[in-house]
Number of protein chains: 4
Amino acid sequence: MSDRNIRIESVDRRAVEDQEVEIVERKGIGHPDSLCDGIAESVSRALSNLYLDRVGEVLHYNTDETQLAAGNAAPAFGGGEVVEPIYILLVGRATRKYETDDGTEHTLPVDSVALSAARDYLNEVVPELEFGIDVVVDVRLGEGSGDLQTVFGEEGAAVPMANDTSFGVGHAPLTETERIVLDAEEYLNGPYAERNPELGPDIKIMGKREGDDIDLTVAAAMIDRHIPDMAAYRDAVAKVREAVTDLAEDRTDRSVAVEVNTADDYDEGAIYLTTTGTSAEQGDDGSVGRGNRANGLITPNRPMSMEATSGKNPVNHIGKIYNLLSTRIAEAVVEEVPGIRDFRVRLLSQIGRPIDQPHVADGFVVTEDGVAVADIEADVEAIVDRELADVTDVTRSVIDGDLRTF
Amino acid sequence: MSDRNIRIESVDRRAVEDQEVEIVERKGIGHPDSLCDGIAESVSRALSNLYLDRVGEVLHYNTDETQLAAGNAAPAFGGGEVVEPIYILLVGRATRKYETDDGTEHTLPVDSVALSAARDYLNEVVPELEFGIDVVVDVRLGEGSGDLQTVFGEEGAAVPMANDTSFGVGHAPLTETERIVLDAEEYLNGPYAERNPELGPDIKIMGKREGDDIDLTVAAAMIDRHIPDMAAYRDAVAKVREAVTDLAEDRTDRSVAVEVNTADDYDEGAIYLTTTGTSAEQGDDGSVGRGNRANGLITPNRPMSMEATSGKNPVNHIGKIYNLLSTRIAEAVVEEVPGIRDFRVRLLSQIGRPIDQPHVADGFVVTEDGVAVADIEADVEAIVDRELADVTDVTRSVIDGDLRTF
Amino acid sequence: MSDRNIRIESVDRRAVEDQEVEIVERKGIGHPDSLCDGIAESVSRALSNLYLDRVGEVLHYNTDETQLAAGNAAPAFGGGEVVEPIYILLVGRATRKYETDDGTEHTLPVDSVALSAARDYLNEVVPELEFGIDVVVDVRLGEGSGDLQTVFGEEGAAVPMANDTSFGVGHAPLTETERIVLDAEEYLNGPYAERNPELGPDIKIMGKREGDDIDLTVAAAMIDRHIPDMAAYRDAVAKVREAVTDLAEDRTDRSVAVEVNTADDYDEGAIYLTTTGTSAEQGDDGSVGRGNRANGLITPNRPMSMEATSGKNPVNHIGKIYNLLSTRIAEAVVEEVPGIRDFRVRLLSQIGRPIDQPHVADGFVVTEDGVAVADIEADVEAIVDRELADVTDVTRSVIDGDLRTF
Amino acid sequence: MSDRNIRIESVDRRAVEDQEVEIVERKGIGHPDSLCDGIAESVSRALSNLYLDRVGEVLHYNTDETQLAAGNAAPAFGGGEVVEPIYILLVGRATRKYETDDGTEHTLPVDSVALSAARDYLNEVVPELEFGIDVVVDVRLGEGSGDLQTVFGEEGAAVPMANDTSFGVGHAPLTETERIVLDAEEYLNGPYAERNPELGPDIKIMGKREGDDIDLTVAAAMIDRHIPDMAAYRDAVAKVREAVTDLAEDRTDRSVAVEVNTADDYDEGAIYLTTTGTSAEQGDDGSVGRGNRANGLITPNRPMSMEATSGKNPVNHIGKIYNLLSTRIAEAVVEEVPGIRDFRVRLLSQIGRPIDQPHVADGFVVTEDGVAVADIEADVEAIVDRELADVTDVTRSVIDGDLRTF
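Everything numeric in this text was worked out from a predicted model, so none of it was measured.

Q: What exactly am I supposed to notice about the environment of L247 of chain A here?
A: All names here are of chain A. Counting through the fold element by element, L247 comes out in helix α4 (residues 230-251). For L247, a relative accessible area of 9% gives the class buried. Distance in space between the C-alpha atoms of L247 and E57 is 44 Å, their sequence separation being 190 residues.

So, in structure tokens, the structure goes:
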């Protein structure tokens, strides 16, 4: 075991890829829970940058709570309308005042910055939603509870001390099913939606693999003003199914079956038609930390942390940092070390010690046939060690928006 | 007395113009109370038009309550910022559903329409205020309490029955002091502000006349990004004083003294500098019906109604209609009938009778020297009768935005 | 004219008692607007006492804004229920922090004190309303804008300087109609309601006098759990009419006609039945300063101030102090000086001068037949002078709850 | 495989009890996230009972969102105070109207019932918190989105169809560490707190086992009015440590180390002292589904569902039902079948099929030495089958409050 308490061991189970049944889910960026995650993280980044710009270092804040209460809408072929706005409440705490060297006290516009961040995020992700009209965003940020003892500023970052017993876990590589679910959502919400404006951002994909049969169940909100009638809706659904099928078959040799909007009942006219492209417009509430984990997926086959990563202060929140860092470690390990079929790393903090020296840094390896853990142990340990040493880079990447949190 | 219970009598007092002391006040359009009045009335007009467009007639609603809770700002020469948003809550009730002839129920977007109206009004009146960021607007519109029995729709309007005992009062002509106070605010917030962007819309003017001495006290919020330093601020204040003095001297031969921002203390740096041009950005709350009466002024020398005119349903709210109508009557009388120095009309409704047949329609006349009430009584009565007969035009003018309510 | 700029003059009009038509209104304590007035004033008193207890002097605050958004109820003979709560938002500003001599900063529980005051007031005035369940009270108190320069504390009070140009007006005595309207509401909401629990506190009385005919229109909310059926309702209405008639006839020799709940339609079952005794339970919103003036009445025949008296800081808010003081002066004058039929006093402040030295203190007297103003001028002036000298007693009385503000 | 797609297999890993490192956490009932869970579930039960009482069957609702925004408090030895209230927003949807057979429409008091349930729950769990004063609870329940097709009513329950692809997982037995963490919190918040009123309900316990060393880290909010000074605080902390140590040693032969309030710094006076017994009074926000899973624990060593169980409709929400049912199945299996060291069951629904016929019902068994899966497979399968057949009993137990959800 290294100085950082790194321990690499063989795990006594099959790789997830080789297990009989696998379940994976991703809530797309327009899902109410994901909207809350995305807003919370945008607000967090905006506050970090506000503090860096004005004070030269990040002050105490935490904005990992955002509550979305659904609105009410009247979608209609060709274009409907929102009739009661969605209500979003930004909750958390943030330091509002600081002193400059001359003893002058300054007030920071934390509320305005938070609201701007929320608006910009919503405009980008759900452009059909008119800010302030279709969605009302209010803010309740309490005072931060005093000093953030960790300094993260212009002049570089010290490694903070852990102030809590917290836990992070990361995995790599993604299984085929995981990769397909993740890629499919990103493709639909990216290039596909650009060419097919009728597809809204609220896409949920559930992947289930039994042996070599992968079932993908897609719920995709369609935007009414691009859908003139039922035939157009059916076409839109069929097109999504085709696109997901193509993408999946590209990534696996297993058999793939795709279902889109299975709850539709054409006879009843009960279809997944929306005005804004998100189910938040009617009936689906949301909040932070209820959806995707830090790797973008919900993976009940794998150990997960309950920690809500989005919105937390990336300078000193050990749970956020360890979840992101462990994912980064796992990815680096499988990229750099050949012969690994499944790698999981678990970091556990120890109160009062620097966070680059965890209490436990456990790596669990499933090797490919013919590879012994002993053969690769040193390489893996070196990577874990290197990434732990570079822990403050996680903070920087989060502030720059370079790390996914949901 | 006519069929409409019109009674014209000589009043046993001097015209307000001739009284020894006169007090007049106007809260400008950017004052927090006026903002609430203006929003409430904009929301009301928008709902009337929504109902007319969709249903063909105005349904039940009442939006005469808007609460503004002040924000917090850090103004600074050259440009400061809002640090906590203003919070505005739209309160009232509005009918949300209607049936078409085929029995289909439709939902009306009353919340979205109300929020849009508030946004558009704020953008017009306080353009420095960024909607949704510097000011959060939320809405609580309850269900309207059933049918509006009065029909006001495409096919013309019936004269509604009074459903309450209510009271309206109107005066004309304005005294010199009243005219000056009203004109000064409108000039400052109109042509003057267009040429002098440092002047914000939150202007309050108090006029006091003792005998032939008129004192005008102006409180005028300056906008910081147009004011680089204290010298510029002093110039801006001096310029307002000059403009108001010129305007007043144009309208009176009495002596005029103007004071602007008298609470300023240059030594302490305590001046009326704002970021957005309204005191609502910091510390001044507001609500509907607390400021100007329907003629645009607060006139303690004259009988006033406590009724909040702004935001009320113009189809059936008897208090709103009678306050607006009585003002219109008074203006018509003094314009058309020569020899009147002061005219006041008071309308009192009678429950269950058409509102063009008030319980009391009292006209109080102070004539000019040499004119007897008997000489003009018939003419005055005819005008009162004519305007009462045309009562539904008040509703139309309100919906079209042609009548001042504050 | 005295040192205090007191001027007593004869007024060139008839006493209100002698005018041909008179209109008077009182919104009873359970009316939504009055509830807001009462809550605002209770919160104000509670904060004054909090500051006195903890700091030894009243700090800066202002709580003259309270918004009530009506709920929704399903009243029923024998007992219905509130189905959506009333929402009340306390708005204003209050100083939250102070330093003791040793430099320690303390935080004051202004929100909790405000909420407690609102709860206690509501429990007292509308006991049928279950706090927190039938009515949700929330609070948005901003920071007070710095120091209150006026000291009002344990060691006595200095006379504050006027920091605004403001205006107060008082009248005495009440006319018969005014007295009847005021007494009737207080009787109904006092001894009568104690013996007749079916009568709710939301009572509105409109008095109209034409010559010697007084019409009283009473709207009285009945409480459903004390009203088993329509017959009981009719009895309850009849009993109120009888009680008001008796009270009125006791106070006047004029003819009196009383109508109660005139909007009822027994055939339609449309009656004024409530679950809690206030129309705020369904459809009637309310806010501060929209109802009764400081003497408890709305009197369009008399000059009135638009100032919302309830909730304002009684130490330094000149508008509040002058409205209360002028009422007190008028009452003292007519009580102590015989021969006065109608007295009105108007106080106008002058910025920067002590408030016991107003810019104008105008007394307008209508004397009884045979009494000349010259005979009583000196006595009246002495009383005005005495009461002005004692201005700080108004503050004390307000804090002690001894002065009516609505 | 049975008709219910039950599959029992040996799992290719060690029992959690036998793994090298184990992590377990429980957020006690007074933790802000648990408060939200508890309120959401109380509101859900209250609505179910409201619908059963009034309509005879449960109508559509979902109340699995509750947002808590922390307040601000000034705790002090001997008794401090809350200075800004906690704000709790109940979010969800609930059917408000129903028709009786005669065609009459009735309105249900869903808001009042939700608020009452929240109040009663808070009063029970955090009695030091004065409802409406120290904590403001508001409610935003949208309309339920139409009919709940599943009938669960007086006349018995049909097995509902799955309307979503959802997943539940259950485990048994608890490991020693899990048992200790769960029991310790329940003991502290039960018999211990009854005898030691200084201990507040916000207790968080983190258990970590490495080999045979169990470390328990307890964060326990102390209530200031029962703690006169620092010595008393230290005693209180020591006493909790002793109690937890005793309880743990009773349940394990492994070595146990207990730490309580490790973040305390006595020199700085930075201790875990509160006025109400929950960190929600200052700085710790909370929401539903962020803490304990349905078995009361957070267990990163075991597969977990992200589903928020608390607050969901127990009649038709498949995720809630399957999480509760799988826990119940696992407990029944290990209780009734000897020789099982670790049992996990996973249920996956299939849209459109009755929920007692899951798409997958996977049981993973780790047997004790000398026991083959084949020996017990039939018994286990029979129990899974029996419990699935009895699925509607989960709904009944939830409504009766007999099943833990967090």
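Q: I keep staring at the sheet that holds strand β17 (residues 286-287) of chain B and nothing clicks. Help me out?
A: Strand-to-strand pairing in sheets goes through backbone hydrogen bonds, with the strands running parallel or antiparallel. All names here are of chain B. Spatial ordering of the open sheet is given by β9-β6-β3-β17, a layout of four strands whose pairing is mixed. What marks the edges here is a single partner per strand, and that holds for β9 (135-143) and β17. Pairing geometry for strand β6 (residues 86-94) and β9, over nine bridges, is parallel. Residue L89 lies in a different strand from β9, and its bridge partner there is D138.

Q: Explanation requested: the pattern of salt bridges in the structure shown.
A: When their charged atoms lie close together, side chains carrying opposite charge are able to pair. The final tally for this structure, using the stated rule, is 147 salt bridges over all chains. Close ionic contact of D285 of chain A with R93 of chain D constitutes a salt bridge, the shortest N to O distance being 2.5 Å. Here R93 of chain D lies in strand β6 (residues 86-94) and D285 of chain A lies in the loop between β16 (273-274) and β17 (286-287), a pairing that spans two chains. With a relative accessible area of 12%, D285 of chain A lands in the buried category. Owing to a relative accessible area of 5%, R93 of chain D belongs among the buried residues under this scheme. With a shortest N-O distance of 3.0 Å, K312 of chain C and D64 of chain C are connected by a salt bridge. With K312 of chain C in the loop between β17 (286-287) and α5 (318-336) and D64 of chain C in strand β3 (residues 61-69), this residue pair connects regions lying 248 residues apart in the sequence. Here K312 of chain C and D64 of chain C have matching classes, each one buried. Through salt bridges that share partners, K208, E210 and D215 of chain A together with R7, R346 and D362 of chain D make up one connected network.

Q: I'm lost on the interface of chain A and chain D in this one. Help?
A: How large an interface is tends to be reported as the accessible area lost when its parts come together. With 55 residues of chain A at the interface, the matching set in chain D holds 55 residues. Inspection of the region where chain A meets chain D yields seven salt bridges. Two residues, E65 of chain A and R290 of chain D, come together in a salt bridge whose shortest N-O distance is 3.4 Å. For the interface between chain A and chain D, the tally reads 22 residue pairs in polar contact (both at pLDDT 80 or more).

Q: Just checking my understanding: could you explain helix α2 (residues 110-125) of chain C for this structure?
A: Think of an α-helix as turning once every 3.6 residues; residues three or four places apart then point the same way. Helix length check: α2 of chain C (16 residues) gives 22 Å between terminal C-alpha atoms against 22 Å at 1.5 Å per residue, within 8%. Burial analysis of α2 of chain C places 13 of its 16 residues in the buried class, the great majority of the element.

Q: Any chance you could explain the packing of aromatic side chains here in plain terms?
A: The description of two aromatic rings rests on the distance between their centres and on the angle between their planes. Under the criterion given, the structure shown has twelve aromatic pairs over all chains. Ring centres of Y233 of chain A and Y266 of chain A lie 6.2 Å apart, and the angle between their planes is 75°; on these two criteria the pair is classed as edge-to-face. Of this pair, Y233 of chain A sits in helix α4 while Y266 of chain A sits in the loop between β15 (255-260) and β16; the two residues are 33 residues apart in sequence, bridging distant segments of the chain. Directly above the aromatic system of F364 of chain B lies the positively charged group of R344 of chain B, at a separation of 4.3 Å from the ring centroid.

Q: Even after reading the chapter, I still don't get the UniProt feature "binding site: ATP" (unreviewed entry) in chain A, so can you show me in this structure?
A: Residue and element names in this part refer to chain A. The feature "binding site: ATP" (unreviewed entry), as given by UniProt, occupies G142, E143, G144, S145, G146 and D147 in the numbering adopted here. Within the secondary structure, E143 sits in strand β9 (residues 135-143). A residue is classified by how much of its surface remains accessible, and E143, at 42% relative accessible area, is partly exposed. When near neighbours in sequence (up to four residues on either side) are disregarded, E143 contacts R93, A94, T95 and R96.

Q: Which parts of the structure should I look at to understand the sheet that holds strand β18 (residues 340-348) of chain B?
A: Residue and element names in this part refer to chain B. In space, the four strands of this open sheet follow the order β1-β19-β18-β12, with mixed pairing throughout. If you trace the sheet from one side to the other, it starts and ends with β1 (6-10) and β12 (167-172), each paired once. Taking each pair of neighbouring strands and ignoring which way they run, the sheet shows an average axis angle of 15°. With eight bridges joining them, β18 and strand β19 (residues 360-367) adopt antiparallel strand pairing. Bridged to L347 within β19 is A361.

Q: Just to check I follow, could you spell out the confidence of the model for chain A for this structure?
A: On average, residues of chain A carry a pLDDT of 93, and 96% of them reach 70 or more. Reported confidence for the predicted complex is 0.94 by ipTM and 0.95 by pTM.

Q: Quick question: what am I supposed to make of the relation of the copies chain A and chain D here?
A: Each of the two chain copies goes to the other by way of a rotation about an axis and a shift along it. Mapping chain A onto chain D leaves a residual RMSD of 0.0 Å; the transformation is a rotation of 180° accompanied by 0.0 Å of translation along its axis. Taken together, the rotation and translation relating the two chain copies correspond to the operation of a two-fold axis. When the interface residues of chain A are mapped onto chain D, 100% of them again fall at the interface, so both copies present the same face.

Procedures and definitions
Residues numbered from 1 in each chain as written. Chains lettered and ligands numbered in written order. Predicted model: local features only at pLDDT ≥ 70, side-chain atom pairs only at ≥ 80, totals over all residues. Heavy atoms only, no water. Helix = DSSP H or I, 4+ residues; strand = E, 2+ residues; numbered from the N terminus. Buried < 20%, exposed > 50% of the residue type's maximum accessible area, 1.4 Å probe, protein only. Pairing = 2+ DSSP bridges. Salt bridge = Lys/Arg side-chain N within 4 Å of Asp/Glu carboxyl O. Contact = heavy atoms within 4.5 Å. Polar contact = N/O pair within 3.5 Å; in protein donor to acceptor, adjacent residues only side chain to side chain. Expected span 1.5 Å × (residues − 1). Phe/Tyr/Trp six-rings, centres within 6.5 Å; stacked < 30°, edge-to-face > 60°. Lys NZ or Arg CZ within 6 Å of the ring centre and 35° of its normal. UniProt positions renumbered as here; feature names shortened; annotations may be inferred. Axes fitted to C-alpha atoms, helices over the stretch in contact; angles between N-to-C directions. pLDDT = per-residue confidence, 0-100. Least-squares fit on C-alpha atoms with pLDDT ≥ 70 in both.

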